[in-house]
Amino acid sequence: MSGTFTKSMARNIFYGGTVFFALLFLALTFDSMQAIPKRDNHANLTPSVIAGKKVWEVNNCIGCHTLMGEGAYFAPELGNVYKRRGPEFIKAWIQSQPTGTPGRRQMPNFHLTEQQLNDLVEFLKYSSEINTANWPPNIEG
Amino acid sequence: MQYSSQAVAKPYFIAAIGLFTGQVLFGLIMGLQYVIGDFLFPAIPFNVARMVHTNLLIVWLLFGFMGAAYYMIPEETETELYSPKLALLMFWVFLVAGAATILGYLLVPYATLAKFTGNDILETMGREFLEQPLLTKIGIVVVALVFLFNLTMTLLKGRKTSISLVLMIGLWGLAVFFLFSFYNPHNLVLDKYFWWWVVHLWVEGVWELILGSLLAFVLIKVTGVDREVIEKWLYVIITMTLVTGIIGTGHHYFWIGTPEYWQWWGSVFSALEPIPFFAMTVFAFNMVNRRRREHPNKAATLWALGTGVMSFLGAGVWGFLHTLAPVNYYTHGTQITAAHGHMAFYGAYAMVVLCIISYAMPILRGRAANSEKSQVLEMWSFWLMTIAMVFITLFLTAAGILQVWLQRYSSTPIPFMAAQDQVAIFYWLREGAGVMFLIGLLIYIASFFVSGETKAKAA
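Residues numbered from 1 in each chain as written. Chains lettered and ligands numbered in written order. Predicted model: local features only at pLDDT ≥ 70, side-chain atom pairs only at ≥ 80, totals over all residues. Heavy atoms only, no water.

J.: I keep staring at the packing of helix α11 (residues 298-321) of chain B against helix α14 (residues 372-409) of chain B and nothing clicks. Help me out?
T.: Relative orientation and spacing of two packed helices are given, respectively, by the angle between their axes and the distance between those axes. All names here are of chain B. Orientation of α11 relative to α14, taken along the N-to-C sense of each, is 5°, at an axis distance of 10 Å. Considered as vectors, α11 and α14 are oriented roughly parallel to each other. Contacts from Lys 298, Ala 299, Leu 302, Trp 303, Gly 306, Met 310, Trp 318 and Leu 321 in α11 reach Gln 375, Glu 378, Met 379, Ser 381, Phe 382, Trp 383, Met 385, Thr 386, Val 390, Thr 393, Leu 394 and Thr 397 in α14. Considering only residue class, the contact of α11 with α14 consists of twelve nonpolar, six polar and two charged. (Axes fitted to C-alpha atoms, helices over the stretch in contact; angles between N-to-C directions. Helix = DSSP H or I, 4+ residues; strand = E, 2+ residues; numbered from the N terminus. Parallel < 35°, antiparallel > 145°, perpendicular 65-115°, else oblique. Contact = heavy atoms within 4.5 Å. Nonpolar A, V, L, I, M, F, W, Y, C, P; charged D, E, K, R; others polar.)

J.: Sorry, what's going on with the domain arrangement of chain A here?
T.: How big an interface is tends to be expressed through the accessible area that disappears when the partners come together. The domain architecture assigned to chain A consists of domain 1 (7-37) and domain 2 (40-128). Once you take the C-alpha centre of each, domain 1 of chain A and domain 2 of chain A turn out to be 37 Å apart. (Domains from an automatic or database assignment.)

J.: Quick question: what am I supposed to make of the nonpolar core here?
T.: One recurring pattern in soluble globular proteins: nonpolar side chains tend to sit buried together. Grouped together as the largest cluster of nonpolar side chains are 195 residues, with contacts concentrated most on Trp 60, Phe 65, Tyr 70, Leu 171 and Trp 207 of chain B. Here this core takes 26 residues from helix α7 (residues 188-223) of chain B, the largest share from any one element. Beyond its immediate sequence surroundings of up to four residues, Tyr 70 of chain B is in contact with Gln 6, Val 8, Ala 9, Tyr 12, Leu 81, Ala 87, Phe 147, Asn 150 and Leu 151 of chain B. Residues Ala 133 and Trp 135 of chain A together with Phe 254 and Ala 325 of chain B belong to the second largest nonpolar core, which totals six residues. (Core = buried A, V, L, I, M, F, W, Y, C linked by side-chain atoms within 4.5 Å. Buried < 20%, exposed > 50% of the residue type's maximum accessible area, 1.4 Å probe, protein only.)

J.: Just to check I follow, could you spell out helix α6 (residues 162-178) of chain B for this structure?
T.: Here α6 of chain B spans 24 Å end to end across 17 residues, near enough to the 24 Å set by a 1.5 Å rise per residue. Where burial is concerned, most of α6 of chain B is hidden: twelve out of the 17 residues are buried. Among the residues of α6 of chain B, Ser 162, Ile 163, Ser 164, Val 166, Leu 167, Met 168, Gly 170, Leu 171, Gly 173, Leu 174, Ala 175 and Phe 178 of chain B are the ones counted as buried. If you follow the buried residues of α6 of chain B, they end up packed against α1 (7-35) of chain A together with α2 (46-77), α5 (134-157), α7 and α8 (227-248) of chain B. (Expected span 1.5 Å × (residues − 1).)

J.: Looking at this structure, how should I read the confidence of the model for chain B?
T.: In low-pLDDT regions, the fine details of the predicted coordinates are not to be read closely. Averaged over chain B, the pLDDT score is 97; the fraction of residues at 70 or greater is 98%. Scored as a whole, the predicted complex attains pTM 0.97, and scored at its interfaces, ipTM 0.97. (pLDDT = per-residue confidence, 0-100.)

J.: So what exactly am I meant to see when it comes to the environment of Gly 173 of chain B here?
T.: Topologically, Gly 173 of chain B is positioned in helix α6. Sequence separation between Gly 173 of chain B and Leu 242 of chain B is 69 residues, and the spatial gap between their C-alpha atoms is 12 Å.

J.: Teacher, can you tell me more about the pattern of salt bridges here?
T.: Opposite charge on two side chains permits them to pair, given that their charged atoms come into close proximity. Summed over all chains, the structure comprises 17 salt bridges over all chains. A salt bridge links Lys 192 of chain B to Glu 70 of chain A; the shortest N-O distance between them is 3.0 Å. Residue Lys 192 of chain B is found in helix α7, and its partner Glu 70 of chain A is found in strand β2 (residues 70-71); the two belong to separate chains. Here Lys 192 of chain B matches Glu 70 of chain A in class, with each residue buried. Between Glu 76 of chain B and Arg 227 of chain B there is a salt bridge; the shortest N-O distance is 2.8 Å. Pair noted here: Glu 76 of chain B is in helix α2 and Arg 227 of chain B is in helix α8, with a separation of 151 residues, a long-range link. Here Glu 76 of chain B falls in the buried class, since its relative accessible area comes to 1%. One salt-bridge network, held together by shared partners, links Lys 7 of chain A together with Glu 76, Arg 227, Glu 228 and Glu 231 of chain B. (Salt bridge = Lys/Arg side-chain N within 4 Å of Asp/Glu carboxyl O.)

J.: I would appreciate a short explanation of the state of the cysteines in the present structure.
T.: Where two cysteines share a covalent bond between their sulfur atoms, that bond is called a disulfide. Within this structure, the stated rule accounts for zero disulfides over all chains. Among the cysteines around Cys 61 of chain A, which has no disulfide bond, Cys 64 of chain A carries the closest sulfur, lying 8.8 Å off. (Disulfide = S-S within 2.5 Å.)

J.: Can you help me understand the interface of chain A and chain B in this one?
T.: Contact residues are listed per partner, giving 72 residues for chain A and 86 residues for chain B. Together chain A and chain B conceal approximately 6,800 Å² of surface at their shared face, both sides included; 65% is due to carbon and sulfur atoms. The largest share of the area that chain A buries against chain B comes from Lys 7, Phe 25 and Tyr 73 of chain A, three residues that together contribute 12% of it. In this structure, the connection of chain A to chain B is made through seven salt bridges. Along the contact surface separating chain A from chain B lie 38 residue pairs in polar contact (both at pLDDT 80 or more). Counting residues per element, the side of chain A that touches chain B draws most heavily on α1 of chain A, which supplies 19 residues. Tallied by class, the residues present in the side of chain A that touches chain B amount to 38 nonpolar, 22 polar and twelve charged. (Buried area = accessible area lost by both parts, 1.4 Å probe. Polar contact = N/O pair within 3.5 Å; in protein donor to acceptor, adjacent residues only side chain to side chain.)

J.: How do you make sense of the packing of aromatic side chains when you look at a structure like this?
T.: For any pair of aromatic rings, the description consists of the separation of the ring centres together with the inter-plane angle of the planes. Residues and elements named next belong to chain B. Following the criterion strictly, the structure yields 61 aromatic pairs over all chains and no others. Ring centres of Phe 20 and Trp 60 lie 4.3 Å apart, and the angle between their planes is 25°; on these two criteria the pair is classed as stacked. Separated by 40 residues along the polypeptide, Phe 20 in helix α1 (residues 9-35) and Trp 60 in helix α2 bring together distant segments of the chain. Accessibility assignment for this pair places Phe 20 and Trp 60 in one class, buried. (Phe/Tyr/Trp six-rings, centres within 6.5 Å; stacked < 30°, edge-to-face > 60°.)

J.: Can you help me understand the side chain of Thr 249 of chain B in this one?
T.: Take Thr 249 of chain B: it is sitting in the loop between α8 and α9 (262-271). According to the relative accessible area criterion, Thr 249 of chain B is buried, its value standing at 0%. Residues in contact with Thr 249 of chain B, not counting those within four places in the same chain, are Phe 25 of chain A together with Trp 196, His 200 and Leu 201 of chain B.

Below, the structure is given as structure tokens:
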């Protein structure tokens, strides 16, 4: 960076480059918003699913699990757990926690009502039907 | 210290180090829970420990950034801070709000906390890194706005250097993108899409501007290299940061229900994200080699060089490792992500905050640099923490590669928990490296209390 390339040139490239790529990102976002409804399974976004998402959130499930690969890496992926385990297993599993097996990772019991359990399962079903470009690679998540 | 109002930075730095210690302690708890699953259960379940660990990280870095800004802006603008009283008031507001939030996580079930802090009014909780109750989120916005008002008023009445402008753009960006934390649509795809506007556009966007300006400021001070040269570098680096990093957000849009063209946009642009970090390393070494003075604070120079190298390795190299879509298909959401996260946050953000603290704290305490003895101790802590973090990253990477193989890539994939059992040895090794990190941190803290002969008084 010799004398011909000045600070004000660098500054102008910074502002110009940032504005250009920010606008490009906004354009891509706009296009994504048009395309996402084809993939996001919003047709199944029922009141029960919405309530289930809240159960998911207020119990901080993401603090141990991943959902579509995002979250904590302490416990299994749950984006596809509906397909892996099915609704009855999921409910029975949540209710039987903690296992209390010595040395094994423990999941708290969140004392969910039958309604909350059903809503959560509906939310996990809805999540499992989002088009995730074939991710995860296999059913184990 | 040139301006008396810079003194408000001191409590911010002290709080940052205190919360950093808390973060590391909770990290050790979680590390142990990875191998002794029922450790501290049910008193501190993993999800609570993780929330405390990551939220303390964010909060101590914010304290560090704010302290840095309060220290730098008066010196850069050559004028006293608009209102030191407001800065001190906000310090206590932020500290009390932060402490109350952490205690809330630890003492109350999360669902109860959500119920009593207004989550039913506006549902924002329960999303990774944005777990804070609504009240805390509003508190963060208030503190950020008052902080930005204070600094912007200072900037308006003083000299406008490039370093201060870049810092202010970064800090305003931080506040603006945080507003997306209040947007939590029921549609999970949209929720995730805009969640990244906080998380990615922070750490791979505007935070890098803050990082660059902090580093540039310290380099001017310790090397005496001409401001024109340093600020030109700064602009070049942050240009590359935002040119690659904004579209680079696409590397989070591979598998969450977003259009598949993001696999191309995200892969190509995020593959270029290491470039600004590499430039930062070259920048730091170049400036130190071209130094025109021998600053007595060797420790600060070491942190400046260290943050360049470690951010390049952690954010750059370890980011690139799993950013290409065909690779990420297998590594997404595994210990590879955790490995990258640890070294990137330490290298880019923890180290630059420790760098500015290392430079500014002696001056705030009335001397140009700490005693030889204190600096030697600080440099020991630098090496202990940095090498420990390298090992944490290597062990998590090893665990991640095996996890990917066992659970995702092999022709007979095994369940998550079975794979976790197989890689337990690496979690034990990681915990060992974590203990080494804690020892480094304790030595770092001790270095503040070691006296010995101090160098000449600061101007």
